[in-house]
Amino acid sequence: MKLFISPNDRNEEQTELVKSAIQKLESSSKHDFSLSREEALRLFGSEERVLFNAEDSDIIVSFGGDGSVLRAAALAIQLDKPLIGINGGRLGYLCALSVSDIEDFDEKLEQYSSSERMLLELKYNGETYYALNDIIVGKRKFGGTADLILSVDEEENLEIRGDGIIFSTPTGSTAYNFSAKGPVLDLESSCYVLTPICPHVSLSNSIVVSEKRSVTVRERYDLANLYVDGREIGEMQGTAEIFCSNRKLRLYSYTGMKNRIKSLSI
């Protein structure tokens, strides 16, 4: 198989870890691995490891932690490729493997299967964005507030005043949503959750919404920013629509509820 590597190396220590991991993969695996031209030049100073493009790969492989998986997910969703994460960072709830598994990568890959993950879709300012974990409408500056109006299927208006609101998938329900006291959703559930962040007035509890419903958000008074899987989209102006996407991400990772609950106590 052809595997396209999407590494995360924000500092010198991570760069050396990624380089060593890639070299171990090349020596221990029967599969073919490739980097983008930019990553190959940055990590190894040559194009020797540019063997094919992400479009021609069978699987996208991320190196790092959960942040790396979320960044690589954008590419995997765009190309409709399965994604597997190798954890070399601090958190790896979305990763199926760790760096210590690299020498047994082929065996581990055969033992795992990918599961389809629900994605949230954001329509905003003529653009479409996809989220594996969450979409956040949050206040623009510390000490400020986000004053928002939400409409569910254009019928019910809800007021959110506070630090913002999290729209979370079942996958992302154990991330920021969980930290904000939102519920943990079964990965196979057909719903998503809306969780206010430090609410001041009105809606103060999470709402679980059917996958059949869409939610529109608009600013009322104070200004807000939009974020998709931790990436800042920009200052919100006008209305944003959020709903369950018809697209899915095939992700290699732990899927059992027992493993998810156990991970939350770490």
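Residues numbered from 1 in each chain as written. Predicted model: local features only at pLDDT ≥ 70, side-chain atom pairs only at ≥ 80, totals over all residues. Heavy atoms only, no water.

(A) Looking closely at the pattern of salt bridges. Enumeration over the complete set of coordinates arrives at 13 salt bridges. Among the ionic pairs, Arg-140 bridges to Glu-235, the shortest N-O distance being 3.2 Å. Residue Arg-140 is located in the loop between strand E8 (134–139) and strand E9 (146–152), and its partner Glu-235 is located in strand E17 (residues 231–235); the two are separated by 95 residues in the primary sequence. By relative accessible area, Glu-235 is classed as partly exposed at 47%. Several salt bridges share partner residues, and in doing so they unite Arg-140, Glu-219 and Glu-235 into one network. (Salt bridge = Lys/Arg side-chain N within 4 Å of Asp/Glu carboxyl O. Helix = DSSP H or I, 4+ residues; strand = E, 2+ residues; numbered from the N terminus. Buried < 20%, exposed > 50% of the residue type's maximum accessible area, 1.4 Å probe, protein only.)

(B) Quick peek at the packing of aromatic side chains. Considering all chains together, one arrives at 1 aromatic pair under this definition. Its end group placed over the ring of Phe-44, Arg-49 keeps NZ or CZ at 3.9 Å from the ring centre. (Phe/Tyr/Trp six-rings, centres within 6.5 Å; stacked < 30°, edge-to-face > 60°. Lys NZ or Arg CZ within 6 Å of the ring centre and 35° of its normal.)

(C) Fine view of the environment of Ser-113. Relative to the helices and strands, Ser-113 is located in the loop between helix H4 (105–111) and strand E6 (114–124). Distance in space between the C-alpha atoms of Ser-113 and Ala-96 is 9.9 Å, their sequence separation being 17 residues. Sequence-distant contacts of Ser-113, that is, excluding residues within four places in its chain, are made with Leu-251 and Tyr-252. (Contact = heavy atoms within 4.5 Å.)

(D) Layout of helix H1 (residues 12–28). In a regular helix each residue adds 1.5 Å, so 17 residues correspond to 24 Å; H1 covers 24 Å between its end C-alpha atoms and thus fits that length. For H1, every residue scored as buried is listed here: Gln-14, Thr-15, Val-18, Ala-21, Ile-22 and Leu-25. The buried residues of H1 occupy an angular sector of 130° when projected down its axis, which confines them to one face. Opposite the packed face of H1, turned more than 90 degrees from it, sit the exposed residues Glu-12, Glu-13 and Ser-27. On its buried face, H1 is in contact with strand E1 (2–7), strand E2 (32–34), helix H2 (37–44), strand E3 (59–64), strand E4 (83–87) and H4. (Expected span 1.5 Å × (residues − 1). Arc of directions from axis to C-beta.)

(E) Up close: a negative patch on the surface. There is a patch of like negative charges on the surface, built from Glu-154, Glu-155, Glu-156 and Glu-241. Its location among the elements puts Glu-156 in strand E10 (residues 156–162). Using a relative accessible area of 46% as the deciding quantity, one classes Glu-156 as partly exposed. (Patch = residues over 30% accessible without salt bridge, like charges linked within 9 Å, V, L, I, M, F, W, Y side chains within 5 Å. Areas by Shrake-Rupley, 256 points an atom, 1.4 Å probe, with all protein chains shown as cover. Lys, Arg positive; Asp, Glu negative; His and termini not counted. Charge placed at Lys NZ, Arg CZ, Asp CG, Glu CD.)

(F) Structural detail: the sheet that holds strand E12 (residues 191–197). What the 6 strands build is an open sheet, ordered E14-E12-E11-E8-E16-E17; its pairing is antiparallel. With one partner strand each, in any of the chains shown, strand E14 (207–210) and E17 form the two edges of the open sheet. Going across the sheet, the axis of each strand differs from the next one's by a mean of 20°, ignoring polarity. Relative to E12, strand E11 (residues 164–168) runs antiparallel, the two sharing 5 bridges. Along E12, the bridge assignment pairs Ser-168 with Val-193. (Pairing = 2+ DSSP bridges. Axes fitted to C-alpha atoms, helices over the stretch in contact; angles between N-to-C directions.)

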